[in-house]
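Architecture at a glance
One letter stands for each residue in the lines below.
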Amino acid sequence: MNKEEYNTSYLYSFLPSNAKGVNELAELALDLQWSWNHAADEIWNRLDPQLWELTHNPWVILQTVSRDRLEKNLADPDFLQKINTLVEEKESEYKAPAWFQKNHDNSLLTCIAYFSMEFMLSEALPIYVGGLGNVAGDQLKSASDLGVPVVAVGLLYQQGYFRQAIDKYGNQQAMFPFNDPGQLPVTPLRLPNGEWLRLKIWLGGYNVWLRTWKVQVGRATLYLLDSNDAVNLPMHRGITSEVYGGGPDMRIKQEIVLGIGGWKLLEALGIKPEVCHMNEGHAAFLILERANSFMKENGVSFEVALAVTRAGNLFTTHTAVAAGFDHFSKELMEEYFSDFAKDELGVDLKNILALGRLNRDNNSERFNMAYLAIRGSGSVNGVSRLHGKVSRHLFQNLFPRWPKEEVPVGHVTNGVHMPSWDAEIADKIWTEACGKDRWKGGLENLEEKINKLSDETLWQLRNQCRNNLVAYTRKRLEEQVSVAGQPQEIVDIAKHVFNADTLTLGFARRFVPYKRPNLLLHDKERFIRLLTNREHPVQLVIAGKAPPSDESGKALIREWVEFIQQYNLYNHVVFLSDYDMLLTEHLVQGADVWVNTPRRPWEACGTSGMKVLVNGGINLSELDGWWAEAYTPEVGWALGDEEEHGEDPEWDAAEAESLYNILETQIVPEFYGRNNSGIPERWIQRMRKSMATLTPQFSANRTVREYTENYYLPAAANYLKRAAGKGAVGKEIADEQHELENKWNEIKIADVKSTSVENGYSFTASIFLNGIDKDKILVELYAAAKDGMNTEHIKMNEQQSNGNEQLFFAKITTKRTATDYTVRVIPNYESISVPLENNLILWQH
Ligand SMILES: *Cc1c(COP(=O)(O)O)cnc(C)c1O
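How each quantity is defined
- Residues numbered from 1 in each chain as written.
- Predicted model: local features only at pLDDT ≥ 70, side-chain atom pairs only at ≥ 80, totals over all residues.
- Heavy atoms only, no water.
- Helix = DSSP H or I, 4+ residues; strand = E, 2+ residues; numbered from the N terminus.
- Rg over C-alpha atoms; globule rule 2.2 N^0.38 Å.
- Buried < 20%, exposed > 50% of the residue type's maximum accessible area, 1.4 Å probe, protein only.
- Contact = heavy atoms within 4.5 Å.
- Areas by Shrake-Rupley, 256 points an atom, 1.4 Å probe, with all protein chains shown as cover.
- Pairing = 2+ DSSP bridges.
- Axes fitted to C-alpha atoms, helices over the stretch in contact; angles between N-to-C directions.
- Salt bridge = Lys/Arg side-chain N within 4 Å of Asp/Glu carboxyl O.
- Disulfide = S-S within 2.5 Å.
- Phe/Tyr/Trp six-rings, centres within 6.5 Å; stacked < 30°, edge-to-face > 60°.
- Lys NZ or Arg CZ within 6 Å of the ring centre and 35° of its normal.
- Near = heavy atom within 4 Å.
- Polar contact = N/O pair within 3.5 Å; in protein donor to acceptor, adjacent residues only side chain to side chain.
- Nonpolar A, V, L, I, M, F, W, Y, C, P; charged D, E, K, R; others polar.
- Domains from an automatic or database assignment.
- Buried area = accessible area lost by both parts, 1.4 Å probe.
- Core = buried A, V, L, I, M, F, W, Y, C linked by side-chain atoms within 4.5 Å.
- Parallel < 35°, antiparallel > 145°, perpendicular 65-115°, else oblique.
- Left-handed = near helix turned anticlockwise from the far one by under 90°.
- Patch = residues over 30% accessible without salt bridge, like charges linked within 9 Å, V, L, I, M, F, W, Y side chains within 5 Å.
- pLDDT = per-residue confidence, 0-100.

Overview of the overall build of the chain
Along the chain, the regular secondary structure elements total 29 helices and 28 strands. Compactness check: the chain gives a C-alpha radius of gyration of 29 Å against a globular reference of 28 Å for 845 residues, within 12% of the reference. Principal-axis analysis of the C-alpha atoms places the extent of the chain at approximately 95 × 70 × 50 Å. Every one of the 845 residues in the chain was classed for burial, and the buried ones make up 59%. Excluding contacts between residues fewer than 6 apart, the proportion of contacts in the chain whose partners are at least 24 apart in sequence is 73%. Accessible surface computed for the chain: about 33700 Å², of which carbon and sulfur atoms make up 47%.

Here it is, written out as structure tokens:
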């Protein structure tokens, strides 16, 4: 039985629980489906239009609306009827088979646990910083749409990430408002008897209690942990205060809470996932706890347990630079893992340290969480095609003597949850063209249907979206400058900035140097001429936070604000403060062009540009991350030459020039080039192509289906195979591993001969296997890619044994020369993933 089933009346003690319909209303308010399915909006709007407008948080409305008003509404049969219909519709939708049930109903996969330090689901639940949380949130929502059985695990931060204000001098101010759990759409996770589920973890000599919470995200559930329990020491109560707050000691504690606490939480609920998906290496300690629990349950060693459970772990890396990986000193690891290694895993700490190091015995090497994640996973992937390649380079040193392209890191390109980012009018147009359930299954027919949309419809979409953004910008800017104490004159200007017919550029991202948020300011005079052209003006809305302790990032923000003030550009450039999910929604809906200027290859994927696709926005971006695989001249504009140039200032200058050129000679003329009906035909053509082809491809729907079919399903099958019979296959894997390690150094490729045959060669290799069973290894002919010819791996078959030596043979058809081929020996047993699980390799000299 699932222990989380409890009587809901415990939850809503503050509501008039005897009023009919209250429980249903609470159920609607607590399901974050309202953040993308707007069917219930009118309910919240009716209860309190002002509060709805301000917070977009139904749970807050339910708690704040006057009792009179709530009871009066609930006494209205129409209102009650509406609530009941919504709840019934929701429940029948959740019960009906979705994409996963229709396509993979017979699979062995019953549960994926998705671990992430941050989740960006709604502005009503501020437990995120940016891109990583976006990926987690959007994939969770898509998993719900598709019926993929995901439960997610994260942390409930008391303060989350800082909120930004900009003072009148352009200085960033950081604020940390308290995340009052009572006002967040979360509920305490209670046991059947009503008791709050609390967990105990061992942390550096102390027991730390964790409180548990639940968030409903459509069909999917997100569980959150926090340490702000009254019985904890003050230093422990603050562990879950800020996302990525504090130094290494705070970080390791947070990661222990997430990885080890997270796994314990699943156990306490009786949830047994076949697959654990780590969104970045932060959660990698779960590898240890998952193996720990397998050990205890099956009476096997830690080594065997790890060989079994890693098959069910998937690690997604998001970092494009080695400095981006979390690592901890030996001292910190000793403090938190000495007892754990000895008492829980029954091994020496050095065995654990080895998992996070390049060289297991190097005591000066720090413990790298990405290395642990790789050594504890059955698959590893990057988040775009280019990032997969970059990651193979970053992790190459874990696989010495292996060719770079065989470093075992694949890629699944991120996507965004389109229903969360589409404008109301975009939703309407897409619904008419493709149906209400368009993001809930395969996406085969969308392209064709969007291609049929008329020029008028598409231009109307753009105009309305831009108009909304202009209105929103005015309102928000007015508030922003008023709060900053700006003179009335500026407040009045704010009310009237921008023009609803002007070409609108959007730029919003973290203000960190690699994103080059000031590239557009490279040649200010030229940029001002572009903005203020009388006939063909341009307007730009910018947003972004600099890390609170990063003075250079804050200086970049100040530079923009001073630029606007100094040149009196209020009508053309607006910097909106406090970039968050709500602001993103407005920006990605309203911008005609989304600008992105990272230094290649530092943008692992990037997602903000994907959010404009559904709304008909077009991308102008560096050929980095997702854009490197999305771009063709028909769908947008590209910066860069597909090469890396580091931080070379000359290259920055050249790219700034090219940015202005594209704007001046392509974007502006195309936007303002109108036909007799006032429609920019060439613009619409590009917009249509981008909408039709890129929106499906860069939707989280595609991403989640790809993860499911290429990673989750095989991982589940592999894990279950290894786990059967108390980890019998895992035990064999561990034994083979020892056997090969002991004997590998003595094996020799003694003699290789090739003879020309018709259209190719026949090769023989005589190999001394030092007693290793020939079925446990693979002998291959390897040829590297060259002159347009692909890499080749050809299996050599065993021919005969020749005393101590074994003869292997292959006959190949090829145009290459015989010297292109090299013989190599690699491990091959129990279907392990090579070189991920065993990186031994022997090459012919
Ligand atoms: C989408 C989004 C991001 C990620 O955007 P990138 O293009 O990856 O920089 C960050 N923050 C917020 C608030 C977002 O909505």
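Notes on helix α16 (residues 385-394)
The element α16 is largely enclosed, with a buried count of 7 among its 10 residues. Within the sequence span of α16, burial applies to Leu386, His387, Gly388, Val390, Ser391, Arg392 and Leu394. Buried-residue contacts for α16 involve β13 (379-382), β14 (410-411) and α26 (625-630).

Describing the sheet that holds strand β22 (residues 760-768)
Across a sheet, paired strands are connected by hydrogen bonds in the backbone, their directions being either parallel or antiparallel. Strand order in the open sheet made by the 4 strands is β21-β22-β26-β25, with antiparallel pairing throughout. Edge positions in the sheet fall to β21 (748-757) and β25 (797-802), since each of these pairs with one other strand and no more. Pairs of neighbouring strands in the sheet enclose a mean axial angle of 20°, with direction left out of account.

Focus on the pattern of salt bridges
Enumeration according to the criterion identifies 50 salt bridges in this entry. One salt bridge in this structure joins arginine 438 and aspartate 422, with 3.7 Å as the shortest N-O distance. With arginine 438 in the loop between α18 (424-434) and α19 (446-451) and aspartate 422 in the loop between α17 (418-421) and α18, the pair connects residues that are 16 residues apart, well separated along the chain. Like aspartate 422, arginine 438 is buried. The structure contains a network of salt bridges with shared partners spanning Arg516, Arg599, Glu622, Asp652 and Glu655.

Notes on the state of the cysteines
Overall, the coordinates contain 0 disulfides when judged by the stated rule. Take cysteine 276: it sits in no disulfide, and the sulfur closest to it among the cysteines is that of cysteine 111, at 8.2 Å. A residue is classified by how much of its surface remains accessible, and cysteine 276, at 0% relative accessible area, is buried. Note on cysteine 434: no disulfide assigned, nearest cysteine sulfur contributed by cysteine 465 at a separation of 16 Å.

What to know about the packing of aromatic side chains
Per the stated rule, a full pass over the model turns up 27 aromatic pairs. Geometrically, the ring pair formed by phenylalanine 527 and tryptophan 560 is edge-to-face, given 6.3 Å between the ring centres and 80° between the ring planes. Taken together, the residues span a long stretch of sequence, with phenylalanine 527 in helix α22 (residues 524-532) and tryptophan 560 in helix α23 (residues 551-566) at a distance of 33 residues. Among the residues examined, phenylalanine 527 registers a relative accessible area of 0% and is labelled buried. Ring geometry for tryptophan 627 versus tyrosine 631: centroids 5.8 Å apart, planes at 50°, classification tilted. Put simply, the rings of Trp459, Trp637, Phe671, Tyr672 and Trp683 touch in pairs and so form one group of aromatic residues. A cation over an aromatic ring shows up here: lysine 545 above the ring of phenylalanine 162, its NZ or CZ 5.2 Å from the ring centre. Directly above the ring of phenylalanine 671 sits arginine 674, whose terminal nitrogen or CZ lies 5.1 Å from the centroid.

Looking at the site of the ligand
Of all residues adjacent to the ligand, which total 15 residues, the nearest are Met120, Lys515, Thr584, Ser608 and Lys611. In the model, an oxygen atom of the ligand is placed 3.2 Å from a nitrogen or oxygen of the threonine 607 main chain. Within the side chain of lysine 611, one N or O atom sits 2.7 Å away from an oxygen atom of the ligand. Against a free-state accessible area of 380 Å², the protein chains account for coverage of 93% of the ligand. When residues of the shell around the ligand are traced back to their parent elements, those giving at least two are α8 (131-146), α24 (581-590) and α25 (608-611). For the shell around the ligand, the residue count by class is 4 nonpolar, 7 polar and 4 charged.

Structural notes on the pairing of strand β9 (residues 275-279)
Remark: a regular strand shows side chains that alternate across the two faces of the sheet. Of all 5 residues in β9, 5 are buried; the element is thus mostly enclosed. Relative to β9, strand β1 (residues 112-115) runs parallel, the two being bridged by 4 bridges. Across the sheet, residue alanine 113 finds its bridge partner in β9, namely cysteine 276. Note that β9 and strand β10 (residues 313-316) share 4 bridges and pair parallel. Its bridge partner being in β10, methionine 278 is matched across the sheet by phenylalanine 315.

Concerning the domain arrangement of the chain
Annotation of the chain at the domain level lists domain 1 (3-95), domain 2 (104-157 + 210-411), domain 3 (418-424 + 452-698) and domain 4 (747-843). One C-alpha centre belongs to domain 2, the other to domain 3; they are set 35 Å apart. Taken together, the 19 residues of domain 2 in the interface contact 20 residues of domain 3. Summed over both sides, the interface of domain 2 with domain 3 buries roughly 1500 Å², with 59% coming from carbon and sulfur. In this assembly, domain 2 and domain 3 are joined by 0 salt bridges. Summed over the shared surface of domain 2 and domain 3, the result is 7 residue pairs in polar contact (both at pLDDT 80 or more). Counting only elements with at least two residues in the side of domain 2 that touches domain 3, the list comes to α8 and α16.

Focus on the nonpolar core
Formed by 133 residues in total, the largest nonpolar core has its most connected members in Val148, Phe285, Phe302 and Phe337. Among the elements that line this core, the one with the most residues is helix α29 (residues 700-743), at 10 residues. Within the second largest apolar cluster, 103 residues are counted, among which are Phe527, Ala591, Leu620 and Tyr660.

Points about the sheet that holds strand β27 (residues 822-827)
Taken together, the 4 strands give an open sheet; going across it, the order is β24-β23-β27-β28, and neighbouring strands pair in antiparallel fashion. Because the sheet does not close on itself, it has two edges, and the strands there are β24 (792-795) and β28 (842-843). In the sheet, strand β23 (residues 777-783) pairs with β24 via 4 bridges, with the strands oriented antiparallel. By the bridge assignment for β24, alanine 783 is matched with glutamate 792.

Observations regarding the packing of helix α11 (residues 286-298) against helix α13 (residues 330-345)
Running from N to C, α11 and α13 cross one another at 20°; their axes reach a closest spacing of 11 Å. In terms of orientation, α11 lies roughly parallel with respect to α13. For the pair α11 and α13, the sense of crossing is left-handed. Between α11 and α13, the contacting residues are Leu288, Glu289, Asn292, Met295 and Lys296 on the first element and Phe337, Phe340, Glu344 and Leu345 on the second.

Details of a nonpolar patch on the surface
A surface patch of nonpolar side chains, about 290 Å² in accessible area, is lined by Tyr206, Leu233 and Met235. In this fold, tyrosine 206 is placed in strand β7 (residues 206-217).

Looking at the confidence of the model for the chain
Summing up the model confidence of the chain, the mean pLDDT is 95 and the portion of residues at 70 or higher is 98%. Scored below 50 in pLDDT, residues 1-10 makes 23 contacts in the model with residues more than four places away or belonging to other chains.

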